[in-house]
Structure formats: structure tokens, C-alpha cells
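# Observations on the model geometry
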Amino acid sequence: MTATLNNQLVATTSYRCTVTVGDGDEDEKAVDTKLIYAQKISVSYEITYLQEEYGMIIGESLNVRVYGGDAYSLKSSYKKSSSDNEFKNSKCELGSNSANVDENGSTTITTATTTDAQSLKCTLGFITNKDATDTEEEVVYTSTKTIIVIDKCGDGHYWNVDECTRCSGNNYKPSGDSQFEPCLSCPAGEEPNEQFTGCKNCAAGKYSTAESRCEDCAEGSYSGAVGAKECTPCEPGKHQMTAGQSSCSLCFAGTYSQGIGLASRCKDCPEGSRSDDGADKCTYCGAGKKEDNNQCISCDGLGQYSVPGSTTCSTCPDGTYVHSNKDKCVTCEAGKVPNDARTDCEACPVGTYAAPGSSVCTSCPPGTFSAKAGSEKCTKCEEGQYQDEEGQTTCNPCDANQGEYSPLEGSTSCLKCQGRLNENTCNPCPKDHEFRNNECTQCQVGEYSAEGSGSCQKVPPGTKKVKSSTLDFDYCPAGEKQPLAGQTECVPCDADKGEFQTETGQTYCKTTKPGYQLNGGDRTKEEVKCKKNSYSTGGAKKCTPCDSSKAEYTEADGSTYCNICMGLVDKDGDCGATNCEEDTVILEGVGDGKFVFEVTKVGSTATVKCEAKNTAKPDDVLTRYCSYNSATRKGEWATADSSKCSSQFTEQVEEQLAKVKEIDVTNKEETAKTVQAITDLATNATKMAPQDLSNMATTVSDIAAKFEEAETKVDATEAEGLANTVGNVAGAGEAKLASVTESEKTKMVNTVNIIAKNLDGEEAVQTETIAMQKFSKIEVAAPIELPKPKKGAKSPPKLKMRKAAVVENKEVAPSVAVFDKETAKAIFPKPTASSSSNSNTDTTESTGSKTLKVNYTIDSSIVSLEFAGTTELDIEIEIPVDTSEDSGKSGYELTRKCKFYNDSKEEWSEDGCKTVVGELSSTTGERSYTCQCTHNTSFAIILSQAEIADTIQTTASTILNTVNIIFLGLTFICIAPFKKFRARRLIQIQVQLCAALFVGHIAFIILGTTTASSKSCVPGVIIVQYLFLVAVAWSVCASVTLYEKIVNALKSFGKQDKHYFLKCLAGCWTAPLFMVIATYVTTLAMDEKTLPYVTSTGELDDEKTETCWVASPWKWVGFIIPVYLCLGINVVLFVMIARIIIKAGKSGSSTGHAREVKAIMSIATTVCLPWLVALLMTGPPTMAQIFQWIFIIVTSMQGPTMFICFVIFQEDVLTNLFSLIGKEPPQALLPAKSSKSTKSAASEISSIKPTTAAPVKKEEKSDVVQVKNPEYSTPVQQAHHSEENIYSKVDEEAPAEKDDTISRGSRGSKHLYESTSYTQHGDKGDDINPVPAVEQGETYENAAANDLDIAQNTYPHVPQLV
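None of these values were measured; they are calculated from a predicted model. For every chain, the first residue of its written sequence is number 1, and the numbers climb from 1 along that sequence. Totals for whole chains, interfaces and linings use all residues, but because this is a predicted model, local features are given only for residues with pLDDT of at least 70 and pairs of side-chain atoms are given and counted only at 80 or more. Just so you know, side-chain values use all the structure's heavy atoms and leave hydrogens and water out.

### Comments concerning the overall build of the protein
Applicable threshold: Note on conventions: DSSP H or I runs of at least 4 residues are helices, E runs of at least 2 residues are strands, and numbering of each starts at the N terminus. Note on classification: 1.4 Å probe, protein chains only; a residue is buried when its accessible area is under 20% of the maximum for its type, exposed when over 50%, partly exposed between these limits. The contact criterion used throughout is that any non-hydrogen atoms of two residues lie within 4.5 Å. All accessibility values rest on the Shrake-Rupley procedure with a 1.4 Å probe; residue burial counts only the protein chains present in the view.
Of regular secondary structure, the protein possesses 21 helices and 93 strands. A burial count over the protein gives 43% of its 1362 residues as buried. The long-range fraction of contacts in the protein, counting pairs at least 24 apart against all pairs at least 6 apart in sequence, stands at 54%. For the protein, the exposed surface amounts to about 70,700 Å²; the carbon and sulfur share of it is 50%.

### A few points about the side chain of S273
Selection criterion: Counted as a polar contact is a pair of N or O atoms within 3.5 Å, where, for protein atoms, one must be capable of donating a hydrogen and the other of accepting one, and residues adjacent in sequence contribute only when both atoms are in side chains.
Within the element layout of this structure, S273 appears in strand 30 (residues 273-274). Taking relative accessible area as the criterion, S273 reaches 2% and is therefore assigned buried. For S273, the side chain forms a polar contact with the main-chain oxygen of P270, separated by 2.6 Å. Once you skip the residues sitting within four places of it in the chain, S273 turns out to touch C282, T283, Y284, C285, E291 and N294.

### Quick look at the pattern of salt bridges
How we decide: A carboxyl oxygen of Asp or Glu within 4 Å of a side-chain nitrogen of Lys or Arg is what we treat as a salt bridge.
Summed over the entire model, instances satisfying the criterion amount to 29 salt bridges. Between K431 and D432 there is a salt bridge, with the nearest N and O atoms lying 3.2 Å from each other. Note on K431: relative accessible area 30%, which makes it partly exposed. Looking at D432, the relative accessible area reads 13%, which means it is buried. For R802, the salt bridge is made with E876, and the minimal N-O distance between the two is 3.6 Å. Taken together, the residues span a long stretch of sequence, with R802 in the loop between strand 76 (798-801) and strand 77 (806-807) and E876 in strand 82 (residues 875-882) at a distance of 74 residues. On the basis of relative accessibility, which here comes to 38%, the residue R802 falls in the partly exposed class. A residue is classified by how much of its surface remains accessible, and E876, at 15% relative accessible area, is buried.

### Brief notes about the sheet that holds strand 76
Our working definition: Here the rule is simple: two strands pair whenever DSSP picks up at least two bridges between them.
Read from one edge to the other, the open sheet built from five strands follows the order 75-76-82-86-85, with strand pairing classed as antiparallel. At either end of the open sheet lies a strand with only one pairing partner, and these are strand 75 (784-785) and strand 85 (913-920). Of the pairings in the sheet, the one linking strand 75 to strand 76 comprises two bridges and is antiparallel in character. Counted as the bridge partner of E785 is K798 from strand 76.

### Structural notes on unusual backbone geometry
A positive phi is found at D432, a non-glycine position, where the angle reads about 65°. Positive phi outside glycine occurs at E808, with the angle close to 55°. Relative to the assigned elements, E808 resides in the loop between strand 77 and strand 78 (810-811). Assessed through its relative accessible area of 77%, E808 is described here as exposed.

### Looking at helix 9 (residues 952-975)
Short version of the rule: What a helix should span is 1.5 Å times the count of its residues minus one.
In this model helix 9 runs 35 Å from its N-terminal to its C-terminal C-alpha over 24 residues, within 8% of the 34 Å that 1.5 Å per residue would give. Listed in full, the buried residues belonging to helix 9 are Q953, T954, A956, S957, N961, N964, I965, L968, G969, T971, C974 and I975.

### Concerning the nonpolar core
What counts is decided by this rule: What makes a nonpolar core is a set of buried Ala, Val, Leu, Ile, Met, Phe, Trp, Tyr and Cys residues whose side-chain atoms join them at distances within 4.5 Å.
Counting residues in each nonpolar core, the largest one holds 54 residues, and the members touching the most others are I975, V1021, W1034 and Y1093. Of all the elements in the fold, those that place two or more residues in this core are helix 9, helix 11 (985-1007), helix 12 (1017-1046), helix 14 (1060-1084), strand 89 (1106-1110), helix 15 (1114-1146) and helix 18 (1198-1208). The biggest single contributor to this core is helix 12, with 16 residues.

### Observations regarding the sheet that holds strand 72 (residues 634-637)
Convention followed: As a rule, the C-alpha atoms of each element are fitted with a line to give its axis, helices using only the stretch in contact, and angles between N-to-C directions run from 0 to 180 degrees.
In spatial order, the strands read 70-71-72; together these three strands make up an open sheet with antiparallel pairing. Every interior strand has two partners, whereas the edge strands, strand 70 (605-609) and strand 72, have only one. Neighbour to neighbour, the strand axes of the sheet diverge by 30° on average, direction disregarded. For strand 70 and strand 71 (residues 621-629), the ladder comprises five bridges, and the chain directions are antiparallel. Following the sheet pairing, A606 is matched in strand 71 by R624.

### Side note on the packing of aromatic side chains
Where we set the bar: Stacked, edge-to-face and tilted labels apply to pairs of Phe, Tyr and Trp rings (six-membered ring for Trp) whose centres lie within 6.5 Å, assigned for plane angles under 30 degrees, over 60, and everything in between, in that order. In this scheme, the term charge over a ring applies when either NZ of a lysine or CZ of an arginine sits within 6 Å of the ring centre and within 35 degrees of the ring normal.
Summed over the entire model, instances satisfying the criterion amount to 10 aromatic pairs. Considering the side-chain rings of F597 and W637, the 5.7 Å spacing of their centres and the 50° angle between planes classify their relative orientation as tilted. Within this pair, whereas F597 is found in strand 68 (residues 594-597), its partner W637 is found in strand 72, the two being separated by 40 residues in sequence. Assessed through its relative accessible area of 0%, F597 is described here as buried. The class for W637 is buried, based on a relative accessible area of 16%. For the pair F1004 and F1028, a centre-to-centre distance of 6.1 Å together with 80° between the ring planes defines the contact as edge-to-face. One end of the pair, F1004, is in helix 11; the other, F1028, is in helix 12, and 24 residues separate them in sequence. Classification of F1028 as buried rests on a relative accessible area of 4%. One aromatic cluster in this structure is built from F819, F828, Y901 and W908. Taking NZ or CZ as reference, K513 lies 4.4 Å from the ring centre of Y516, over its face. Over the face of the ring belonging to F597 we find R624, whose NZ or CZ atom lies 5.3 Å from the ring centre.

### Looking at the state of the cysteines
Linking two cysteines covalently via their sulfur atoms produces the bond known as a disulfide. As a reminder of what qualifies: Any two cysteine sulfur atoms lying within 2.5 Å of each other are counted as a disulfide.
For the structure shown, the criterion picks out 28 disulfides. Two residues, C92 and C122, share a disulfide whose sulfurs are 2.0 Å apart. In this structure the cystine formed by C92 and C122 twists about its S-S bond by roughly 105°; its chirality is therefore right-handed. Here C122 lies in strand 13 (residues 120-127) and C92 lies in strand 9 (residues 91-94), a separation of 30 residues in the sequence. Assessed through its relative accessible area of 0%, C92 is described here as buried. Residue pairing for C476: its cysteine sulfur links by disulfide to C490, the two sulfurs lying 1.9 Å apart. Around the S-S axis, the bridge from C476 to C490 shows a dihedral of about -85° and counts as left-handed. Of this pair, C476 sits in the loop between strand 55 (474-475) and strand 56 (480-481) while C490 is found in the loop between strand 56 and strand 57 (491-492), placing the two residues 14 residues apart along the sequence. You can call C476 buried: its relative accessible area is 0%. With no disulfide partner, C1068 has as its closest neighbouring cysteine sulfur the one in C1037, 4.4 Å distant.

### Description of the environment of K267
Structurally, K267 can be placed in strand 29 (residues 267-268). Sequence-distant contacts of K267, that is, excluding residues within four places in its chain, are made with G254, T255 and Y256.

### Things to note about the environment of D388
For D388, the location among the structural elements is in the loop between strand 44 (385-386) and strand 45 (396-397). Measuring from C-alpha to C-alpha, the distance between D388 and S411 comes to 8.0 Å, with 23 residues separating the pair along the chain. Sequence-distant contacts of D388, that is, excluding residues within four places in its chain, are made with P366 and T412.

### Let's talk about the pairing of strand 5 (residues 61-66)
Residues of strand 5 alternate between two faces, with L62, V64 and V66 buried on one and S61, N63 and R65 left unburied on the opposite face. Where strand 5 meets strand 11 (residues 106-110), five bridges bridge the pair, whose relative direction is antiparallel. Bridging from a neighbouring strand, V64 pairs with T107 of strand 11.

Any functional reading would require information that these geometric values do not contain.
This is the structure we're talking about:
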């Protein structure tokens, strides 16, 4: 039977149960009642805190009881069934630990050593029948709740649900308390100690409540003892600005506090008040004092006062004094002023006055007076009185007897009545009259007067006096001026001189400024700017237009001069070649990759952003300079500088550079990885920016330097990687490398040399562009092959030691680095024309033609040698050069020389090297060049490639000029040394002309070898210009002399001008010097870039040749215009001479001087003509070429022409020269005699009869005429007539006769001129009719000359010359 009992069953309870017996009908069943004993099994287990927390600390023991004290039926050992042979123990289990239960139902179990959730299980044996002790039953009890085994918590901790937690806030946990008990709170004034196991007092300056830990007392409060439960506020007069303090501080002097706590903060006393330390209020300074630095100071200065609470003392204004309380100012009443102490007022003395508030007494002004002290104002003088002084006490009366009067009160003087005076009343003179001689008289012209003034005065400058005007005077109208006073008319401004005046009544006219002109020529309007392409230098009525045919233009309106266009002036007058046209630069990987440079002005720098969309870096730009190319006359772009741009590899390159700075090259594994990373990165060099390439150069340089510093060998793999890096960077392209500095490129060269020097072993390292090898020994005189890059030259370079390299008695061998030609061009400095040279070069491949504008390039691999420890060497380096392209350069002169790079001078040099040209290889097509050198460095074959200029003209000009110079020298030698010729005027002029041309042509040839960039160009140009201008000036002097001889001899060849030649000498040598120097000095004062003095474009040679000559416009101002001016003078003189000769010829006279006239004309024209031709050389190229040849030919004819005319055509000169060798000149060179002309001339002369003069004695049957001549002691003997020449006696000055008594009216000077003797051949006899001596201005009677002006004394001397 099973019974279910409710939970209220406790301990042992008896129950009666109704029992039904039977299984049939109700009648068959029996019902009975049984008494049943039931017992409740109770198991309790506990620790003090177990019932609440269901938790135990690991290692603790659990007390277990069964039934409490009523477990009488519990058996400590039992058999589960009667069949069991062994007894079992009643026991309880907790986790893996167990303990037997004793007879009393108690046991103790220790928890397991692990923390987990465990259940209590008890297996118990009971007696099932109280009376039957042998009946036993096993009961198993399992706890319904698990027991949690936890860690033991430390001091100050408690168990919080599932973990140990430290007590927080103001709580603590006493040691020994159960960790399942909560933390306790510290009382007010205390806080937990550091272990949270107890409480401690709060320190002074702190406090706490039961709910909080100790806290600092707030500002404005304090706590003076430990364990404070609250803070005390600061009292008035004290403050505490810092929290956590144990006391309050007194307020400083000058501050105060009135509140408590935070309100007790000390405040500064208001201005004008003060306080002591610890004050709770401030006290204001009283009247008459000021507050200064917390002190009240009295205002003791002169006139000072102050109101209470003042910080400064105020000074009473003028006219006031200080009140006795010193708190205000008091104004002085009228007639009084403050005393000196400013404490009261005092009365003004007589003759003065003072208004209320005056600071000083003022003297009464003229015209007034003051008769009593303390006057407020002065009294005016009455009519008829005056006072001309100040500070007076009375007035003076006017003297009516003297015509004085004063019509107004307060007069300072008496008026002089300019009219009639009647009881102090004056009847004045009317307008434009003056009082003179006691009556009114009209003013003179240009004068005026006001009514009653009594005196006239001139109208002022800028005005005029018109009688019809009712005004005193009229102002000069616009466009006119009058600088003088008293004028009746104004002077109009001179418009032709750019004068104008826009205002009336002016004394002057304005002049247009430089760059301006009159407005439409109107002198009454304001000046206006010159329009574009015109200019003025000031004072211009109209601006001068620029000459576009001479490439002149202006940039804008208002120009003062025309610029010279360095290009072509277009139809709109703009200079078309001052800009560089739009251009696009492609730089792969850099910024946007494509950069468009817009049209830019010459001399300017254009910029393009590296990345158009990147506004964060405005300074990251490409720059490109636009310069002017004088050869093409166009703008020319320089290479773009992209050094500020970056690429996609910039960060990687910078990262590698940083890593290299930290690398330890002795760690071969780390070094190998780094070198490989650099090598891999360098394969992208063509996509890198210039700054990346620079950083790559620095990277390889740094790692090479580390190898050298650590004295670590470089293995082949590392060397190959670094060499490949340098090669890739060098192959990035010229456009990018142009923005890499030379120093960065040099780093790459040095890197290769360092690696070669530190190679591990003697095996060659070869890459595509660079090869390296380190030798241990080289035999003398035994050539060895050097390593060569895989590409480039087909043959390797060779090295031969002509002498062993020795260091400290030990032979040394070199390390070698060979760069292929393209790599060398990229990273080595470019050769220039300034490179030094020497004369020991065996061969130059030259065409023999003149070359200019040489281009120098590296034409071979570069071999870099380093013999450690020595620089004294004797070596030969054979370098192969590919010359296959020379055949396509026929227009150039090619020269190859061995040069080395001089680091100290930073240039390629030949010093210490000799070039030997080898044979051309039939297999490789390369020619070997051997460098015989005496030093270490990098060697290369440098090709100089120059355009071959067309030098035919230059050669012809040099030859013809040389011939010209020779003839000029011969002419000079044939004439100058002989005194009988040198004393004559015309020949003196010819000698000077020869000398100037001789030196000038020599200087011209020397100048032809000079370029515009040479320092000798400017002085050379000045000298050549000067000498040719001197020659032209002497040609004019010769022409004038000839004119005087032929046309005006009687006026010029007497005593009229003894210093004629000296004047010519001074003028011809000085005036040209002034012109040339003045022109050059002018250029120095102007912009040399816009208007340079010299130009590099030659006018006399091939356009490829850089020559030195004067630039426009200076060649016009200082040379061409003066030359053309002289040429014009010569032409005019020759026309005049020709007219006289023609007229003389028509009269039947023979002109014996025609030959000389032609000679002088030829010479003068030849001297000037070349420069007329030079003007035509600036035209189109074909015409310019023709006139260049004409210029050369005409110029070279100067010397031969002068020699023929001055030597060959002159009989006496020619005779003199032949007489030196004892011979007569050939008859063919002498002038032919004309009987006709002789006869004609003789007949004319014989018919001449002087109107005055004594007869001359005639000698019969003689061919010689004796004429009295005081100049000679013997008679003048004239042989039979032959043609005269320009060296005849007519050219000499004849002195005056001492006994000449012929009267010429009032003239005091009398000149007698000797006539020339002639042999007369008549038909009937040979009588000699001498021409008598005549005086200047005397008229001859000549019937044969009636049809000429000669008879009328216009040209009385022509028959003599003929």
C-alpha cells in the first residue's frame, strides 16, 4: 500500500487509515481501521551563510544532520537487502568528497578543490519497522538546490552574486567577517583605509559624511582639525581660493571681502579707494587727494585739485584757480587772471584787458586803449584818432594839416586823403586814377587802381588790362599765359612745342609730359597719352609713330620710346615673338601626367599645378621659363621643372629612404632584402616624379656610404642590384632628370665608384648599363680588357699601365666602373664650351671651315678609374666610339677629344690628357680613341659638333681688306715722310684720312673675330665706329678744301685762316669721339635688355655666325646717320665744283684740275658709299646677300683708289718716288699734254689786263717768267707748262707784300697774291706775257671770258688754276 502524505508531516506522526478487505460486491468487503506510524526524513546542512547564498568557500566544511535529534531509525551501517553479505555505510557526498554519517545522524564534508556547482547527496540506511530491527531500507536524498563552491575573497572584498568585489565608496569589510556578508559604512568624518578593512579620520582641510569619502573643503571654506564632518566658511576679510585647505588667508592690502564662504573672495578696491590687510571694506581718498598704489597722496602740484575717490590729480584750466578745499576750480571774473600760485585772481594792469576765464592779460591791440586796471575789454579810438601800437592807455589824433584823417573807429593809422579833406571826410579819386601833384590823374597803360586808392599799380602776371573793360583787369584765357605784370595782351601757348594751359589767369604754359601729346592739337585742353605704337619724349604737339619696318613697337599707351621687337611686329603693331606658344609636357606617373603650359611672355616663368584637383598643396607646381631665341627670333621654352611634384611611388621611395638610414649592412640577410626592395622599386623609375628620383639617388648613396663606413664588402648580387637601380633612375628620361639636381646625379656616380671599390672578389659585375670590377694587380705595358655594360659599345674599353702605380713602395691596382653612353649622358655633367683645352692633341677631325655655336656631348662610355692612395699615374685608356653616324653630319665640323671630369672645377678638362685617334674597326664599325693621362678620374670621349658657317664672304672680306690695308699703308708711306708734301694743307688732310682708314680696317678685321658675348666686343665696336667716323669726317674736310681751292681760292688761300688745318684736326678727331661715347652712355641709362648696345646677329656674315656689331637704334644714332650726313655734304660740294668746271670748259678753258677733282670725288664717295650700301643689307635675304658682296667690294676699293689718285695720278709724287732710285717715271704714267688747252689758256691769260697794278718787266726770248715774290729770294721760275696737280703752289699760303700800298677804301689789310707763271705759245712769236700780281677782289678784263662769270669777278682765279 502506498500513501501520499502532505508536506505538513513533521517528525513522527500516527495516522489511522481505513482499509477495505475483499474484492467482490459490497457485501463481500470488509472495512477496518489501522494505526500507521509515518516518519519524515529531514536532512539539514549548513554553514552560517549557506541558507541565504547557497554557496561555500573552496576548502570549507559542510555540517550535515539527519532528523536532527530524532533519527532513531538511522543506521550508520546497513544491508540494503537480506541477501547482501556486506554492510554499507550511510554517507553523504558533495562533489568528489564524501563522509560517513554516524549513529547520531551527523557528518562533516569538505568541499572539493575546484570551483563549480555541486549537489549534496546522502545515501542512508533506515529501520523500516520500529519494532523489527532487522528490517532495513536504503533511502537516497539529493539536495534540490546546488551548492556553489567559490574562491575565498581577500581583505576588503565581499561575494557579489558571482564574483569577489572590493568594497567601494565609504564602505569597508572588517577582517574575519564572512565574505557573504555586505560591506559596512564608515561614520562621518572618516573614510576607509587603503585596504578597505577599517576606517580612518579625514585629514585637515577635508571632511566626509556617512555616505561619502573624505573630500577637499571647497574654495571659500576650511577644516582645521582631522576627522571633520563638515567645513567652516571663511569669515569677511578673509579668503581661500584653493580647495582642501586647513585655514583661510587675510585679504591683501588694496582688496577686501564682505561675504562668507565663496562670497568671501577678495575683490580689488574700487578706483580712488584703499584698504589694509584683512579688510572687509575699502575707504575712498578724500578731496584734494588721489589714490596711487593703495595710498592716498595729496595733490600738491600747481593748480591741481581732485574730487573724492580720484586716481589722478586734475589741473585747473587756464583762467581758473584752485578752491581752498582743493576739490574744484573757480573761474576768474572779467578783468582778472589767476595769480602765479593759482590760488586766487588778480586785476589786469592798464593797457591790457581780460575776458572772463582768461589766463593772461592781453595787451590792447592797435586801434584801441585801456585807461584803467581790471578792464574787461579795450576801448576803440574815436574817429579822427588812431593808435598804431598795442598796450596803450590813450589814442593819438590825426594831423588834418597834413591831409590825415581816420573815418572809422579803431583806426591803427591815419589815412592820407587822396583827394579833398573836409572835417575828417575825404573825397577820394575815382577808379583807375591816382592822386598826384594834389590832383587825380588817369593811370597809365597796364595799370589800375580801386576807387579812392590814390595810387596805380600794374596788373598782376597772368592778367591783362583792356581799356574797354570795366574790371580792374582781365585774366588770361585758357591756352594763353602772361608771365609779366602790367601787360595789355596775353601770350598764346606754343602748340608746336607741346604747350597748353587749361586754366585762366596763368603765368605759364604747361608742356606735355613724355608719353603725352596735345588733345587734337588744342592748347586749351588737357594733354592725352600717346596711342599704342607711338611715343613722345615730352613737349610734343603730336606723338611720333613707331616704325614697324624697323621692328619698333610699344606695349601700351603713353610710351616715351619705342621698343625693339625681338621678333616680328604684326599688322596690329604687336610684337609677335615676345611669347612662347602653348605647349604640352607629358610626364608619365607625375601628378596628372599631362601638363599644358599656356602662352607666356618672354622673360616670364609659367606654372602648372601638379594635380589640378588638389587644392591642399597650392605650392606643388611645375615651372617653366620662357626665353628669347635670337636665332629664330621667337620665344623658346626651357625644360619644365617638376621637382615639386609627386607620384604614386613617392611614399614608397620615402619609406625605403628611411629604412636605409637604419640598416646595418653587416647583417647580410637584412641588407640583401633591402637592396632587393630598392632594385624592385627602381624598375618603376619611368613613372616616378623627379623628387622620387632624387630620393632614390640619396637612397643608393646612403647605402653605399654605409658599406664604406663599415668596411664591409659588397657581394655580386648587392652590387648588381645597386647598379641596376642607378641605371633605371638614369633611364627615367631627360624631361624628369632635368629637374634632378647635379648633386643628386653626382651621388649616383659616386655610389657606383664606391661599390666598385668595395667589391668582394675580382669577378666583373655587368648590368645592362653599368659594369664594375676590382683588380688586384695589372702588369705594366700589358693591355687588359675592362668590363663593359651589356648594351652600348660593341667592344670593351682597355687599360694599359705605362708605368706602375705605387703607394708606399707597393704597387696598387684600380677599381673600375664603366657607364654606357646613354647612362653617362644622363647622370654626368654635360660638357660645355668653357672646358679647358691644351695644344697637344694629335688629331682633330675638322673640315677646315670656320665653325661657330659648338655643341659638346659625351660620345662614348665613361670609364671611371680609382687607384687608391695615389694620383700620380701614367696610363692609357682605349675607348671605342661608334662613328657610323658621322656621314650624316656633313654640315658640321666634328672633333673628338679625350677629357676627364675635374671635380674641383666641375667641368670636363683636357689637362693632363692626350688624345690619340686609332683605326676604324672593320668588324664593329667603331673607332678607338686612346687617352694618355696622368691622373685618376672619369674619362670619356667628348664630341664637339659645330655648324659650319658659310665663310666665303668672311674669307673674301679678309683678303680684300688686307689688300685694302696694304694700299692705304703704301699711300701713307709715299706721301707722309716727305717734308715738301707734308707741309701742304691738302696733303696733310689726305695723310690723316689714310691713317684713320688704315687703323680702322685693322680694327674691323680684329672685331670680326669677336663675338657679342666677349668682353672685348663693346670696346671694339666703339673703336671701329670712331675710326670710320673720323675717316668720313676727313673726307668732308678734303672736299671742303678742294671746293675752296677751285671755287673760292682768293678768299681761302690767303692769310684769312691760318688755323684751318688745326680746326680740321680737332674737329675730325674729337666730334666722332663725342658721338660714339654719348651714344654708349645713353644706352647705359636705359634698359639693356630692351635696347642693347651690341647685337649677336652679324650683318656682314652668315646668319649662323655669332658676330659683334652695334644694335639698332644705336647704330643709326651714333654711326649711320652721321655717315649719311657727311656723304650728303660731299655730294653738295662736288655738284658745286662740277658746275664751275663745266662753265670753265664751255668758255674754252682747260681744267687742269679735273683729274684731281675726280680723284677727291672718288675717294670721298668711296669712304661714305660702303655705309650707304650697308643700309640695303637689312632687306630681304636675297637682296641682303647681294649688297653684302657690294659692301665688301666697295670697302676694299678705298685703299687702291687713294693710292691711284694720291700717288699714281700725281706727277710730282710719282717723280719724287722714282728719283729715289735715280730714274724717271714711265711716260705712260705721266699725264698727257694738250697743246689746245695750253694755247687756249695762254691766250686767255695774255688778254687779261689788271685795272690797277704796276707793269711787270718783260724779258724777251725767254721761256721763264720772273715775278716779284717776297716769299722767295730768287725769281720764280716756271718751266714749260704741263698740267697742274693738286700739290701745286696754289695750295700754299702766300704772304702779303710789305710795300703794297693799293688802297681799298677803308680796308686796312692789303693782301697781294702771286699769280702763276705760264709759257705762252702764240702764232707769231714766243713772247711771255706774265699775269701780274693782283690784290684780292680785283677785277680782270678778259674779252675771251665775257660769256662767263669770270669777267664779272665771280670766279677770278679759275683761269690761273686752269
